[in-house]
Each structure stands twice: as C-alpha cells, then as structure tokens.
Amino acid sequence: MENIDAETEKKLCEKYCINIKYNSIEELCEKRNIELIKDAALSEYTTFAIGGKCDFLVKPDSFGSLRDVILYCRENDVKYYVLGKGSNVLVSDNGLKGVVIVLSSPFSKITESEDGIYCEAGASLTRLCTYAKDKELTGLEFAYGIPGTVGGALYMNAGAYGGEMKDVVVSCDYLDENLEIKTMYAEEMKLSYRHSIFCEKNYIILGVLFRLEKGDKAEITAKMSELMDKRRSKQPLEYPSAGSTFKRPEGDFAGRLIEVSGLKGFSCGGAQVSEKHSGFVVNKGGATCEDVKNVISAVKEKVYKDSGVMLECEVLILE
Ligand SMILES: Cc1cc2nc3c(=O)[nH]c(=O)nc-3n(C[C@H](O)[C@H](O)[C@H](O)COP(=O)(O)OP(=O)(O)OC[C@H]3O[C@@H](n4cnc5c(N)ncnc54)[C@H](O)[C@@H]3O)c2cc1C
C-alpha cells in the first residue's frame, strides 16, 4: 500500500477492514487522517478542568479509524481510554499513560428514519435534544442540559428530572471485544440507576437509536427551558465540576446527608463541597485530583459516621 494516498488508504481500510501495521500512533493518524494531539492536557478535556497529560489524544471521525486506533493499541500493548465530553470523570494529576480516544464532534452525525433518531456516540446530548425538538419529537427533554455525549450518557444511563436514557433507547451499535460491530437492544443493556452493561464490558458504543413520540414543539421547548432554569438555579454551574459526585443512596439524597454532616462548603485545596448544592464537589480554582479525592474521602467518612450511609461515587476516577 505504499503508493496510494492517505485518503484512498483510509477508504480501502474501512471498506475491507484491512489491518495495516503501523510503526507508531503518529504514522497511523497521519495516514488515516485522524486528529492527534501529543502530550494533551486532560484538564482541557474534562468538565472538572482537572487532570495531567496523556501521551496521545486522538479524535477518530469514523468507525474505521476508531477500530484502527484500538487495534494499534492492542497489538502494541498500549493502554487506551475512551472519553466523550469528560463530564463524569476525575483524571489523575499524573495524567494517563497511553492513548485517550475522544469520541466527540467528528463522530456525531444525527439522522432520522422511520425507526427513530439514530445518533453517533460523539454527539452532545444537548444537540440531540435540540434536533428532536426541531423534529417535534418528545421524550428527551429530561436530558437537555446534561453536558455529556450520547455514548457517555448510555454508558452511565444518564438521567434527570424523572427521565433516563432507558426510557428512550431502542438499541445501540457497539464495538465488541473482537472489534466487530454488533447491535444490542435496550432490554439486554442492564440499564439501571447510573449503570449499564457497558460499565461491565470493554465495549465501545458507536451509535444509539432512540424512539420518541410525536409532540408539540412549543410544549417541548417550554419543558426544556423549564428544566434548564432548574439546573441553573440549583446547580453550581459557575464552577467546573463533574456533576453529582455521589450516587443517590436508596431513599435519600447525598446532598442532604452531606449537609446534615455539616460539610456544606467543606474544602481541601481548590476542591470544595459546593455551597449551592452539597451533592456537587466543585473546582473553585486550581483544584487537583488529590484535592477532590481528599474531599470525597472526608465526606464519605463523616457521612458514614453520622448517618450510617456509605456514599458511592458517581464520578469515575481515571488514574
Ligand atoms: C454540571 C453537570 C451536570 C450534570 N448533570 C447530570 C444529570 O443531570 N444526570 C446525569 O446522569 N449526569 C449528569 N452529569 C454527569 C455527566 O454529564 C453524564 O454522566 C454524562 O452522560 C457523561 O457523558 P460524557 O460524554 O461526558 O462521558 P465521559 O465523562 O467522557 O465518560 C464517562 C464514562 O463513559 C465512558 N464512555 C464515554 N463514551 C463512551 C462510548 N462511546 N463507548 C463506551 N464508553 C464510553 C467513558 O469511558 C467513561 O467510563 C452532569 C455533569 C455535569 C458536569
């Protein structure tokens, strides 16, 4: 394949799933036209604005290029991580060794068919919700304002204000451990509170099919802005965070328990239990991963001592 240009090589690889040996991730990305950033600061790719550097950050724009990056990593024993908008993760101050694969705008087509709305994993939830509203389809209003991608949202079974992904997902296409594209239906996804089968398996979500109902555009718009207003009034959106730090304990709220323990505003370094919403740990400026972890440990310990409830982290710690 030495005498063909990068674009032709890309098309051939995608059409025939050809495995080409590359000498380095740089060579692979150059030949396959994949955006690559060396020594990327992960603080720029997480909503917490925390995290050291990774060796390489790549942004595949198609199934074929994503598959090739993973294949390269596996064959060369390079560790890889998948990120969407990084809105539910806390990344180590030491960064991550290996390749961070960001599935974002280059991988974000949204299309409508008679089966429903199909959305590539890297599309933002906000864009998807706006698309659905413009098509006068109701069901996704709850997700408006959750700052993640569709892939990240299915992974976490994201939800808010009485709705969750489980209510609207029909199926998804994913890459299995053998790097084959498979389809899975919602019933098989083990969707429960902030959990899915994708938290258990090393699968990569490629695209999601949603089934929505015909609705009234004005009503959908009103619901979306009502929920957005609620977010703005209740959540500390003025500071970087990863949303709710802890899962909701059965029959209670993490924020309430934290307040009862007198930890509202408790801080370590630049990380603080938000004064506006105790369920959020926020980055007040210059917070490190260690600062956040220290706040989390102190909160868990005190809440357990005071209320007998062991809080479980919703935020995923990558180190
Ligand atoms: C201000 C704020 C408010 C929030 N409000 C809510 C809320 O109301 N409800 C809620 O549920 N969450 C909320 N969150 C948390 C977060 O936005 C959601 O969990 C979101 O779904 C995460 O999506 P992401 O693309 O950012 O995923 P990331 O944080 O990038 O990744 C999270 C996990 O998903 C995996 N992942 C991402 N994409 C894929 C893929 N394509 N295939 C396989 N695995 C993948 C990653 O490997 C990682 O393990 C909030 C966060 C913030 C900062």
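Residues numbered from 1 in each chain as written. Predicted model: local features only at pLDDT ≥ 70, side-chain atom pairs only at ≥ 80, totals over all residues. Heavy atoms only, no water.

**What about the overall build of the protein?**
This is how the line gets drawn: The numbering of helices and of strands both runs from the N terminus, where a helix is a DSSP run of H or I of at least 4 residues and a strand a run of E of at least 2. The reference for a compact globule is 2.2 Å times residues^0.38; the radius of gyration itself is calculated from the C-alpha atoms. The classification of residues rests on relative accessible area computed with a 1.4 Å probe and restricted to protein chains. Under 20% of the type maximum is buried, over 50% is exposed, and intermediate values are partly exposed. Residue contacts are counted whenever heavy atoms from the two residues lie within 4.5 Å of one another. A 1.4 Å probe and the Shrake-Rupley method give the accessible areas. Residues count as covered only by the protein chains that appear here. Residues scored as charged are limited to Lys and Arg (positive) and Asp and Glu (negative), so that His and the chain ends carry no count. Taken as the charge centre is NZ of Lys, CZ of Arg, CG of Asp or CD of Glu, depending on the residue.
Scanning the protein from N- to C-terminus turns up 8 helices and 19 strands. In terms of overall size, the protein behaves like a compact globule, its C-alpha atoms giving a radius of gyration of 21 Å where 319 residues would be expected to give roughly 20 Å. C-alpha atoms of the protein, sized along the principal axes, occupy 70 × 50 × 30 Å. Every one of the 319 residues in the protein was classed for burial, and the buried ones make up 50%. Here the analysis covers contacts within the protein between residues at least 6 apart in sequence; of these, 63% occur between residues at least 24 apart. Carbon together with sulfur atoms contributes 47% to the accessible area of the protein, which is approximately 15,100 Å² in total. Positive and negative charge centroids in the protein, built from 41 and 50 side chains respectively, lie 3 Å apart.

**A short note on the side chain of Thr245**
Definition in use: Counting of polar contacts relies on pairs of N or O atoms within 3.5 Å, with two restrictions inside protein: one atom must be capable of donating a hydrogen and the other of accepting it, and residues adjacent in sequence are counted only when both atoms are side-chain atoms.
Within the element layout of this structure, Thr245 appears in the loop between strand 15 (241–244) and helix 7 (254–260). For Thr245, a relative accessible area of 1% puts it in the buried group. At 2.8 Å, the side chain of Thr245 forms a polar contact with the backbone nitrogen of Val281.

**Section: the sheet that holds strand 18 (residues 280–283)**
As a reminder, the rule being used: One bridge is not enough; two strands pair if DSSP finds at least two bridges between them. All axes here are fitted lines through C-alpha atoms, helices being fitted over the stretch that makes contact, and every angle between N-to-C directions spans 0 to 180 degrees.
The strand order across the open sheet formed by 4 strands is 15-18-17-16, and the pairing between neighbours is antiparallel. Looking at which strands have only one partner, the edges of the open sheet turn out to be strand 15 and strand 16 (267–268). Of the strand pairs in this sheet, strand 16 and strand 17 (residues 271–273) are connected by 2 bridges, and their pairing is antiparallel. The partner of Cys268 across the bridge, within strand 17, is Ala271. Sheet contacts for helix 8 (residues 289–307): strand 16, strand 17 and strand 18; angle to strand 17, the most-contacted strand, approximately 30°.

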